[in-house]
Amino acid sequence: MPELSAKVALAPPGTPTPKGQQQKGIDKNNAETQGAKAQRKAEKAARRAAKVSEQGKSNKPPLEAVAPGRVQSQAKQGRTASGVGNASSGGGGSTNSVGNVTAGNAISSLTTQGTAIHGTDILDKRVSLFKHLEITRRSGTADAAKDIHPAILALTLQFASYTVIGSSARCRATLRAFQTVIKDYRTPAGTTLSRNLTNHLSRQIDFLKTARPLSITMGNAIRWLKQEISVVSIDISDDQARESLVEKIDTYIRDKIEVADRVIVQSAVKQISKGDVILTFSRSAVVEQVFLEANLRGIEFGVVVVDTRPFYEGKEMVRRLSNAGLRCEYVLISGLSYVLNDITSVFLGAHAVLSNGQLYSRVGTALVAMSAKRKNIPVIVCCESIKFSNRVQLDSVTFNELGSPDDLMNISIDSAPKPGPLKNWRDLPNLKLLNILYDLTPPDYIKKIVTEVGSLPPSSVPVIIREYNSA
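For clarity, every value in this text was computed on a predicted model and none was experimentally measured.

Novice: Tell me about the overall build of the protein, and please be specific about residues and values.
Specialist: Helix and strand counts for the protein come out as 14 helices and 11 strands. Evaluated residue by residue, the protein yields a buried proportion of 48% over its 471 residues. Contacts spanning at least 24 positions in sequence make up 79% of the contacts within the protein whose residues lie at least 6 apart. Accessible area for the protein stands at about 22900 Å²; split by element, carbon and sulfur atoms hold 52% of it.

Here it is in structure tokens:
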């Protein structure tokens, strides 16, 4: 190589050499090849952009289904990510619908279109203070592993589209799905049910979490179920073990949710008197049962339902209560201060109650409780003990759940989605949307918590948790 360099250097300017001509030809061919590749890429990108634009104009969902973990990388490559549209409601009374399910479907539709049309990934537009929290993803089933049970696939779609919503409803639906999984489970050769079934359920749970994080009740129920599986005797047949586990799940649902709700209703209805005007926020299934039971007993009282975006869960409660003959009022949380003057008490539901007495519930609950406390209005929380958590939390930032920012685009209050002025929020570099789902209510704002083990102040929650864990 040094000799060649010397010869080339001594040759007269402009004199071609055989190797130099060969290298020049190679460089020319490479340049032409790279230019052709770049042109093909540009044409392909243009066709893809035109296709996506046509889909956006026709309001058709994108055809490609992407796993949640791949959304970010594919968005950066200019590919589209599809979401989950409507999902059929679950059976067995486990569905806590949102506005007859239409509100959740409308939100899902908007999210699907927004994710497909805009190239900016949601992760790049998060509010800095909440970047450590997960964002709810619309999950498809195209990427599901072959061992994911169809019941889990269906439930995941229902969670993702908010068809099944509410802590107790999600817990009940999850346990019912696990019953189906256990019935269809067969132990592989060379292992035991008590060892392998736990791993099999863990894979089902991991797929469920791609739609939404587990609720506190779901976590408590899953820990209980895994404990029951671990103590299954190896001396009984698999058929007997499966049948026993299915029966235990039925007993757990009956004792921890259904019977617990009935006991809470019988206790809480005593807090309602003739002429009361009771305020509640959003929708709680057990609070709704309390109002219906009081109405059946002939107690004359009124209910004010305060609601908020984006789910408008309170609309379903108002519909049911008014159909039952109760006198109801419906107001958004922005008008809360105008309706408090006539309120005699506040009844609230709970997503969870933490060991330090903090109430973890739908965002806006803390504002309602604080406003009631300032006017010396008693706040009563109806909560099953299965919702009690050992976790200690002092703010709503450290641990929470983020909904998709695209949910806030919908300004419609009926089934037809209406994007509104924020539909192009991803294209605005200085705009970020925060859709936080829960907040914390300090125990000082709560008069009592009504549970199936009795009425108690928030300071006594650790005692119930200790008894629950020891049992």
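Novice: Which residues make up the environment of Lys256, and what are the values?
Specialist: In this fold, Lys256 is placed in helix H9 (residues 238–268). Put simply, Lys256 and Thr217 are 39 residues apart on the chain and 10.0 Å apart in space, counted from C-alpha to C-alpha. Residue contacts for Lys256: discarding those within four places in its chain leaves Glu384, Ile386 and Tyr468.

Novice: Could you give an account of the packing of helix H7 (residues 193–208) against helix H8 (residues 216–230), naming the residues involved and the relevant values?
Specialist: Their axes nearest at 8 Å, the elements H7 and H8 cross at an angle of 160°. In terms of their interaxial angle, H7 and H8 are classed as roughly antiparallel. Contacts from Leu193, Ser194, Leu197, Thr198, Leu201, Ser202 and Ile205 of H7 reach H8 at Ile222, Leu225, Lys226, Ile229 and Ser230. Of the residues belonging to the contact of H7 with H8, the class tally is seven nonpolar, four polar and one charged.

Novice: Can you lay out the sheet that holds strand E5 (residues 352–354) for me, pointing to particular residues and giving the numbers?
Specialist: An order of E8-E5-E6-E9 is seen for the four strands of this open sheet, with the pairing classed as mixed. A strand with exactly one partner marks an edge of an open sheet, and here the two such strands are strand E8 (388–389) and strand E9 (438–441). In the sheet, E5 pairs with E8 via two bridges, with the strands oriented parallel. Among the inter-strand pairings, Val353 is bridged to a residue of E8, identified as Phe388.

Novice: Any details on unusual backbone geometry? Residues and values, ideally.
Specialist: The omega angle of the peptide bond from Arg309 to Pro310 is -5°, so this bond is cis rather than trans. Note that Pro310 resides in the loop between strand E2 (302–307) and helix H11 (314–323). Phi at Asn376 takes a positive value of approximately 60°, unusual for a residue other than glycine. Among the secondary structure elements, Asn376 is positioned in the loop between helix H13 (365–374) and strand E7 (379–382).

Novice: A description of the packing of helix H5 (residues 150–160) against H7 should follow, citing residues and the corresponding values.
Specialist: Between two packed helices, the angle of one axis relative to the other and the distance separating the axes together describe the packing. Where H5 meets H7, the closest approach of the two axes is 9 Å, and the angle between their N-to-C directions is 25°. Taken together, H5 and H7 sit at an angle that is classed as roughly parallel. Remark: the crossing between H5 and H7 carries right-handed chirality. Contact residues: Ile152, Leu153, Leu155, Thr156 and Phe159 in H5; Gln204, Phe207 and Leu208 in H7.

Novice: Any chance you could break down the sheet that holds strand E10 (residues 448–451) for me, citing the residues and the numbers?
Specialist: Sheet architecture is open: seven strands sit in the order E3-E2-E1-E4-E7-E10-E11, paired in mixed fashion. The two strands at the open ends of the sheet, each matched to only one other strand, are strand E3 (327–332) and strand E11 (454–456). Strand after strand, the sheet turns through a mean of 25° between neighbouring axes, direction not considered. Pairing geometry for E7 and E10, over three bridges, is parallel. Bridge pairing links Cys382 to Val450 in E10. Along the sheet face, helix H10 (residues 285–296) touches strand E1 (277–281), E2, strand E4 (345–348) and E7 and points at about 130° away from the line of E4.

Novice: Mind laying out the side chain of Ser215, listing which residues take part and the relevant values?
Specialist: Among the secondary structure elements, Ser215 is positioned in the loop between H7 and H8. Looking at Ser215, its side chain comes within polar contact range of the main-chain nitrogen of Met218, at 3.2 Å. Apart from residues no more than four positions distant in its own chain, Ser215 is found in contact with Ser167, Arg170 and His351.

Novice: Break down the state of the cysteines for me, with residues and values.
Specialist: For the structure on display, the rule yields zero disulfides. Lacking any disulfide linkage, Cys383 is separated from the closest cysteine sulfur, that of Cys382, by 9.0 Å. In this structure Cys383 comes out as buried when scored by relative accessible area, which is 0%.

Novice: Outline the packing of aromatic side chains, listing residues and values.
Specialist: Enumeration according to the criterion identifies six aromatic pairs in this entry. Between the aromatic rings of Phe291 and Phe301, the centroid separation amounts to 6.1 Å while the plane-to-plane angle is 50°, which identifies the pairing as tilted. Placement of Phe291 in helix H10 and of Phe301 in the loop between H10 and E2 is noted, with a sequence separation of 10 residues between them. Accessibility assignment for this pair places Phe291 and Phe301 in one class, buried. Taken together, the ring pairs connect Phe291, Phe301 and Phe347 into an aromatic cluster. Its end group placed over the ring of Tyr360, Arg391 keeps NZ or CZ at 5.7 Å from the ring centre.

Here is what the cut-offs are and how they apply
Residues numbered from 1 in each chain as written. Predicted model: local features only at pLDDT ≥ 70, side-chain atom pairs only at ≥ 80, totals over all residues. Heavy atoms only, no water. Helix = DSSP H or I, 4+ residues; strand = E, 2+ residues; numbered from the N terminus. Buried < 20%, exposed > 50% of the residue type's maximum accessible area, 1.4 Å probe, protein only. Contact = heavy atoms within 4.5 Å. Areas by Shrake-Rupley, 256 points an atom, 1.4 Å probe, with all protein chains shown as cover. Axes fitted to C-alpha atoms, helices over the stretch in contact; angles between N-to-C directions. Parallel < 35°, antiparallel > 145°, perpendicular 65-115°, else oblique. Nonpolar A, V, L, I, M, F, W, Y, C, P; charged D, E, K, R; others polar. Pairing = 2+ DSSP bridges. Left-handed = near helix turned anticlockwise from the far one by under 90°. Polar contact = N/O pair within 3.5 Å; in protein donor to acceptor, adjacent residues only side chain to side chain. Disulfide = S-S within 2.5 Å. Phe/Tyr/Trp six-rings, centres within 6.5 Å; stacked < 30°, edge-to-face > 60°. Lys NZ or Arg CZ within 6 Å of the ring centre and 35° of its normal.

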